Amino acid sequence: MASLIDNDTHRTEIFDSLPYYDNDLEKNPILREKVERELAREPKPPQTLHPRVPPPIELFKDKPGLAAELARVEAHQPLAPLDTIRYQLPAPTSTPGTDEEWQQALKNAQSQLEHQRIRHTNLALLQTYGPNAWRIHNYLLEATAKQAETALEELKQRTTDINRERKNSQTRIGNQLTSLENKWTELISSILQIEMANVALDAEVDRLNKKEAELASM
């Protein structure tokens, strides 16, 4: 835990916890039980987020199709099967069939023929330009992946350096605190010894004063 104190001249950071150094809970299991009981008495965290926490990002706000697909994936629902009816060429259901049914069947056949023509064109374009496009795309993906891996390694290294620095700093500060605590204990012990010696000297002075008074009265 750390708190900040702002003064007119400087800004001081005060640490009241050294997790890399303090091991009282490991040394004394009773303390851990007390801490757990105290934590259980603490109020539950608020359900609302802190005002500084940004609101959640709404993905695909202007694209309902992608938003619906994302919701389907999050709900672990299976992908809807392909609609194969539009690829079929059904004949009129009635015999011999009305003009309207034959017109609808003819339009459907024309649509299927146009769809196949467009597919043939797309396949020809893909065969001509697709390999190079995919090579460039893969190259860009590899470059992006390398950049992400490099950034991740740098972040891991920074995290390791920060943790190492925190551990060294807290260990150093902990040793200083332990040394000061030992000195404080020695000083308290010396003060108690001096007070006990003063009490003994006061008693000795009182005894001598009484003895002097007895001798003077004889």
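1. Looking at the overall build of the protein chain
In terms of regular secondary structure, the protein chain is built from four helices and two strands. Each helix and strand of the protein chain, placed in order from N terminus to C terminus, yields the pattern β-β-α-α-α-α. For the C-alpha atoms alone, the extent of the protein chain along its principal axes is close to 155 × 45 × 40 Å. The 218 residues of the protein chain split such that 5% are buried. Intrachain contacts of the protein chain at a sequence separation of at least 6 include 30% that bridge at least 24 residues.

2. Quick look at unusual backbone geometry
Phi angles above zero are rare outside glycine, and Phe60 is one such case at about 55 degrees. Its location among the elements puts Phe60 in the loop between helix H2 (29-41) and helix H3 (64-74). With phi around 60 degrees, His76 is a residue other than glycine that occupies positive phi space. Counting through the fold element by element, His76 comes out in the loop between H3 and helix H4 (99-217). Judged by relative accessible area, His76 falls into the exposed class, the value being 72%.

3. Some words on the layout of surface pockets
Of the voids in this model, the largest pocket is the one considered here, and its volume is about 180 Å³. In this structure, the largest pocket is lined by Leu18, Tyr21, Asp22, Asn23, Asp24, Lys27, Gly174, Leu177, Thr178 and Glu181. Breaking the lining of the largest pocket down by element, the ones donating at least two residues are helix H1 (24-27) and H4. Of all the elements, H4 adds the most residues to the lining of the largest pocket, at four residues. Residue composition of the lining of the largest pocket, grouped by class: three nonpolar, three polar and four charged.

4. Description of the pattern of salt bridges
The full count for this structure, using the stated rule, is five salt bridges. Across the pair Glu69 and Arg72 runs a salt bridge, and its minimum N-O distance is 2.4 Å. Here Arg72 and Glu69 lie together in helix H3, a separation of three residues that amounts to about one turn. Accessibility expressed as a relative area gives 32% for Glu69, which makes it partly exposed. A relative accessible area of 17% places Arg72 in the buried class. The salt bridge partner of Arg164 is Asp161, with a shortest N-O separation of 3.1 Å. Here Arg164 pairs with Asp161, and both are found in helix H4, just three residues apart, close to one helical turn.

5. Considering the side chain of Gln112
Summarising the element assignment, Gln112 is placed in helix H4. A residue is classified by how much of its surface remains accessible, and Gln112, at 11% relative accessible area, is buried. Residues within four places of Gln112 in sequence aside, it is in contact with Arg86, Tyr87, Gln88 and Leu89.

6. Points about the confidence of the model for the protein chain
Of all residues in the protein chain, 93% attain a pLDDT of 70 or more, and the chain-wide mean is 85. Here strand S1 (residues 2-6) stands out as the element of the protein chain with the lowest mean pLDDT, 46, in contrast to H4, whose mean of 92 is the highest.

7. Things to note about a nonpolar patch on the surface
A contiguous nonpolar patch, built from Leu25, Leu31, Val35 and Leu39 and spanning about 300 Å² of accessible area, is present on the exposed surface. Turning to its location among the elements, Leu39 is positioned in helix H2. Residue class for Leu39 comes out exposed when judged on its relative accessible area of 57%.

8. Considering the environment of Leu66
Position of Leu66 relative to the elements: it lies in helix H3. Judged by relative accessible area, Leu66 falls into the partly exposed class, the value being 41%. For the pair Leu66 and Leu140, spaced 74 residues apart in the sequence, the C-alpha separation amounts to 24 Å.

9. Some points on H4
Between the first and last C-alpha of H4 there are merely 152 Å, a value that for 119 residues lags more than 12% behind the 177 Å anticipated at 1.5 Å per step. At Tyr129, H4 shows its largest kink, close to 55 degrees, and the proline Pro131 lies no more than four residues downstream. All of the buried residues along H4 are Ala105, Asn108, Gln112, Gly130, Gln170 and Gly174.

What counts as what
- Residues numbered from 1 in each chain as written.
- Predicted model: local features only at pLDDT ≥ 70, side-chain atom pairs only at ≥ 80, totals over all residues.
- Heavy atoms only, no water.
- Helix = DSSP H or I, 4+ residues; strand = E, 2+ residues; numbered from the N terminus.
- Buried < 20%, exposed > 50% of the residue type's maximum accessible area, 1.4 Å probe, protein only.
- Contact = heavy atoms within 4.5 Å.
- 1 Å grid on protein atoms, 1.4 Å probe; cavity = no way out; pocket = protein on both sides within 12 Å on 5 of 7 lines; lining within 4 Å.
- Points joined across faces, edges and corners; volume = space filled by probe spheres on them.
- Nonpolar A, V, L, I, M, F, W, Y, C, P; charged D, E, K, R; others polar.
- Salt bridge = Lys/Arg side-chain N within 4 Å of Asp/Glu carboxyl O.
- pLDDT = per-residue confidence, 0-100.
- Patch = residues over 30% accessible without salt bridge, like charges linked within 9 Å, V, L, I, M, F, W, Y side chains within 5 Å.
- Areas by Shrake-Rupley, 256 points an atom, 1.4 Å probe, with all protein chains shown as cover.
- Expected span 1.5 Å × (residues − 1).
- Bend = angle between axes of the 7 residues up to and from the residue.

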